Amino acid sequence: MLRFILINMFIFTHFMAGAQSLKQKQKYFEGQYRAYGEIISILKLDTIFVDETLYLDEDKLNKGRKNKKIYEVKYKINKLRDKITEYFKEKKIFVRGSSSAGTSSVEVVSKKERERAKIDSFEVVKINNEREREKNDSLEMIIKINEGRERAKIDSFEMMIKINEGHERAKIDSFEVVIKINEGRERAKIDSLEMVIKINEGHERAKIDSLEMVISTLITKKDRKLRECNEKMEVVKNEYNDVEIERDSLIVKVRHHNEECKKIHKKQARLLESTLEKCKEEKVKFNKEINYYRYVSNECKEEKAKFKRERDYCEQQQKETQIGHKKIIQELETYNHYYDAKYQAGEPLITDKKGLYFKIELKTPPIIVEKLQFNIEKYTISEFDKKFRKSVTKFKQDVEDITSENGNLDYEIFIQGKADADIGTQFEKPQVENYMFNSIYVLRRNQSNNNQFTFNKKLFLLNNPYRNNDLPNLRGAFIKKVLNSPPNGFPKSKLHVLNGDVVDEINPTERSVTIYLYIDTVINDN
């Protein structure tokens, strides 16, 4: 058993010396681990179970995953080897081993095992020799492989030489073809040059012939022109003689004309003197007018400057008015719980009354919101004060605040009653005792624009008992009276009733009145 242990230790020691690559080391350590395990089992020692990660060196672990595996195996081997060494110390067995290039010796210090160690070392030598033979065989195999590669290289080199020879031949053939093509081109150039020379000779001959023909025609034209010029010279001589005769007669006429001109010049000089006198007088008069115009111009400049100041003031007032309009619209259209106000842009409701118009809808306080509306065939609201008195008070206070804050602006309130063609259009009912209206002053509609009213009042007579056609104006008169009622009502002079109409349909929403607030301020919609 001890001999087996020593042999295994020797083999692993020798194998460790020859291990070169990482894979070989890994295989070596794994084999060594298995061998030590067998030794432990043969010696009947306890198996070692240890948490390897607690004992590994952290610097070695950081070298990489491959090294980690090797060091884990080495750790296990070291633990096994320590266990075996303790066993040998207890048995008092001392082992010493060494390895060198191709030779190994093991010396066993034990009286009983000396001879066995010699036999084992002999067997180890045999094993090493077999390994050397295997190495020689592998070396011969490598030599043969290299010889085959050299032959393949030689064959490929010969093939390349043949291919290059073929390329050279192809180059020579193509060069000869190029030479032949160039020779053909040179011949074609020579032929075309001879043809051009012949053509040019023909052109020169044709030019000479045409030039001779041109010369002959020019000579003919010259002779004809000379004859024509001689004839014209004769005519001109005759005309010149006639002109000389006319010139003499004209000289006589000119002399006579000069005398007449002198007489006329004298008359003109006298007339000019008189005209100059008149011009001087006109000039004095004109200077007076210029001075007057300068005076007027200065006054115009002053008026213009005054007009510019007034225009700037008006523009400033207009800007301020527009700003005031926006402020008033914003203040009135701000949501509140008592009434809704909506600005009415476009044409004024009342002819010749430009300003701001707002459509007002009274509401009850916010717990139960209810808008102003009459029951069918009625022109009064029995609980008006209970439902809408706070809304009227709030509306009046807001109007007074806004008009006073913007320069004590004047305002008017226009009320237009409405009625629908309800089922009972043929009814007749007596007027309410507390709100008896025999006649009402209403504003008439504009005849040219049905959407506008004039400020001319018309007396509207009411029937008692009243009928459906009387309801619009009765409802308007009722709202006017309750808006005027104390303690917080509007002044009666500010309240006006617009002539109302009956809508030709059954619509409960038309059983109401429309209230318009007018604020008297000039508005520029542009």
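Model, not experiment: these values are computed from the prediction. (Residues numbered from 1 in each chain as written. Predicted model: local features only at pLDDT ≥ 70, side-chain atom pairs only at ≥ 80, totals over all residues. Heavy atoms only, no water.)

Bringing the overall build of the protein into the picture now. When helices and strands are counted, the protein shows seven helices and 11 strands. The proportion of buried residues among the 526 residues of the protein is 25%. Look at the contacts in the protein between residues 6 or more apart in sequence, and 73% of them connect residues 24 or more apart. Of the roughly 38900 Å² of accessible surface on the protein, a fraction of 53% belongs to carbon and sulfur atoms. (Helix = DSSP H or I, 4+ residues; strand = E, 2+ residues; numbered from the N terminus. Buried < 20%, exposed > 50% of the residue type's maximum accessible area, 1.4 Å probe, protein only. Contact = heavy atoms within 4.5 Å. Areas by Shrake-Rupley, 256 points an atom, 1.4 Å probe, with all protein chains shown as cover.)

Between the first and last C-alpha of helix α6 (residues 384-405) there are 30 Å, a value that for 22 residues agrees with the 32 Å anticipated at 1.5 Å per step. The set of residues buried in α6 consists of Phe384, Phe388, Arg389, Ser391, Val392, Phe395, Lys396, Asp398, Val399, Ile402 and Thr403. Within two residues after α6, glycine 407 carries a phi angle of roughly 95°, on the positive side. (Expected span 1.5 Å × (residues − 1).)

Bridge count for strand β7 (residues 439-445) against strand β8 (residues 453-461) is six bridges, and the pairing is antiparallel. By the bridge assignment for β8, leucine 443 is matched with lysine 457. (Pairing = 2+ DSSP bridges.)

This brings us to the pattern of salt bridges. On inspection of all chains with the given rule, the structure shows 13 salt bridges. Put simply, arginine 389 and aspartate 385 hold a salt bridge, and the shortest N to O gap is 2.9 Å. Of this pair, arginine 389 and aspartate 385 both sit in helix α6, separated by four residues, roughly a single helical turn. One salt bridge connects lysine 494 with aspartate 410, and the closest N-O pair in it is separated by 2.4 Å. Note that lysine 494 is positioned in the loop between α7 (471-484) and β9 (495-498) and aspartate 410 in strand β5 (residues 410-417), a separation of 84 residues in sequence. Assessed through its relative accessible area of 17%, lysine 494 is described here as buried. You can call aspartate 410 partly exposed: its relative accessible area is 32%. (Salt bridge = Lys/Arg side-chain N within 4 Å of Asp/Glu carboxyl O.)

Turning our attention to the side chain of asparagine 336. Here asparagine 336 shows up in the loop between α5 (114-333) and β3 (339-343). With a relative accessible area of 12%, asparagine 336 lands in the buried category. Within the local environment of asparagine 336, its side chain forms a polar contact with the backbone nitrogen of tyrosine 338, the two atoms lying 2.9 Å apart. (Polar contact = N/O pair within 3.5 Å; in protein donor to acceptor, adjacent residues only side chain to side chain.)

What follows covers the packing of aromatic side chains. This structure, assessed with the given rule, holds 14 aromatic pairs. Summarising the aromatic geometry, the rings of phenylalanine 374 and phenylalanine 478 are spaced 6.0 Å apart at their centres and angled 75° between planes, so their arrangement reads as edge-to-face. Highlighted residues: phenylalanine 374 in the loop between β4 (356-362) and α6 and phenylalanine 478 in helix α7, separated in sequence by 104 residues. Residue class for phenylalanine 374 comes out buried when judged on its relative accessible area of 3%. For the pair tyrosine 411 and phenylalanine 490, a centre-to-centre distance of 6.3 Å together with 70° between the ring planes defines the contact as edge-to-face. Of the two residues, tyrosine 411 sits in strand β5 while phenylalanine 490 sits in the loop between α7 and β9, which places them 79 residues apart along the sequence. Considered together, tyrosine 411 and phenylalanine 490 belong to a single accessibility category, that of buried residues. (Phe/Tyr/Trp six-rings, centres within 6.5 Å; stacked < 30°, edge-to-face > 60°.)

Once that is clear, we can look at the side chain of aspartate 470. As for its placement among the helices and strands, aspartate 470 is situated in the loop between β8 and α7. Although aspartate 470 is buried, it makes no salt bridge; arginine 467 carries the closest opposite charge, 5.0 Å away. Sequence-distant contacts of aspartate 470, defined by excluding residues within four places in its chain, comprise Phe460, Leu462 and Asn463. (Lys, Arg positive; Asp, Glu negative; His and termini not counted.)

Okay, the sheet that holds β3 next. Taken in spatial order, the seven strands make up an open sheet running β3-β4-β11-β5-β9-β7-β8, and their pairing is mixed. Taken across any chain shown, the strands that pair with only one partner, and hence form the sheet edges, are β3 and β8. When the angles between neighbouring strand axes are averaged without regard to direction, this sheet yields 35°. Pairing analysis gives eight bridges linking β5 to strand β11 (residues 513-520), with the strands arranged antiparallel. Within β11, the residue paired with isoleucine 415 across the bridge is isoleucine 515. With respect to the sheet, α7 is in contact with β5, β7, β8, β9 and β11, its orientation differing from that of β9 by roughly 170°. (Axes fitted to C-alpha atoms, helices over the stretch in contact; angles between N-to-C directions.)

For residues besides glycine, phi is generally negative; the peptide bonds are generally trans as well. Omega for the bond connecting asparagine 464 with proline 465 falls within 30 degrees of zero, at 10°, which places this linkage in the cis form. Looking at the element boundaries, proline 465 is found in the loop between β8 and α7. With omega at 10°, the peptide bond leading from proline 486 into proline 487 counts as cis. Looking at the element boundaries, proline 487 is found in the loop between α7 and β9.

Averaged over all residues, the pLDDT of the protein is 76; the fraction at 70 or higher stands at 75%. Looking over the protein, one finds the lowest element-wise mean pLDDT in strand β2 (residues 104-109), namely 36, and the highest in β9, namely 95. When the criterion is pLDDT under 50, residues 47-66 qualifies, and its contacts beyond four places in sequence or with other chains add up to 16 contacts. Low pLDDT, under 50, characterises residues 94-111; the predicted model gives this stretch 24 contacts beyond four residues in sequence or across chains. (pLDDT = per-residue confidence, 0-100.)

Another point: the nonpolar core. Grouped together as the largest cluster of nonpolar side chains are 44 residues, with contacts concentrated most on Leu332, Phe358, Ile360, Phe384, Ile413, Ile479 and Leu517. For this core, the leading source of residues is α7, giving seven residues. The residues touching leucine 332, leaving out its near neighbours within four places in the chain, are Tyr339, Ala341, Phe358, Ile402, Leu517 and Ile519. (Core = buried A, V, L, I, M, F, W, Y, C linked by side-chain atoms within 4.5 Å.)

For the rest of this paragraph, the subject is a positive patch on the surface. Residues Lys221, Arg224, Lys225, Arg227 and Lys232 make up a contiguous surface patch of positive charge. Inspection of the secondary structure assignment puts lysine 221 in helix α5. Under the relative-accessibility criterion, lysine 221 is labelled partly exposed at 47%. (Patch = residues over 30% accessible without salt bridge, like charges linked within 9 Å, V, L, I, M, F, W, Y side chains within 5 Å. Charge placed at Lys NZ, Arg CZ, Asp CG, Glu CD.)

Compared with an ideal rise of 1.5 Å per residue, which puts 14 residues at 20 Å, α7 spans 20 Å between its outermost C-alpha atoms and is within 8% of the ideal. A large share of α7 lies buried, amounting to 11 of its 14 residues. Of all the residues in α7, the buried ones are Leu471, Pro472, Asn473, Leu474, Arg475, Gly476, Ala477, Phe478, Ile479, Val482 and Leu483.

Moving on: the packing of α6 against α7. Put simply, α6 and α7 touch, their axes get as near as 11 Å, and they point 65° apart. By crossing handedness, the relation of α6 to α7 is classed as right-handed. Between α6 and α7, the contacting residues are Phe384, Arg389 and Val392 on the first element and Phe478, Ile479, Val482 and Leu483 on the second. By residue class, the composition of the contact of α6 with α7 is six nonpolar, no polar and one charged. (Left-handed = near helix turned anticlockwise from the far one by under 90°. Nonpolar A, V, L, I, M, F, W, Y, C, P; charged D, E, K, R; others polar.)

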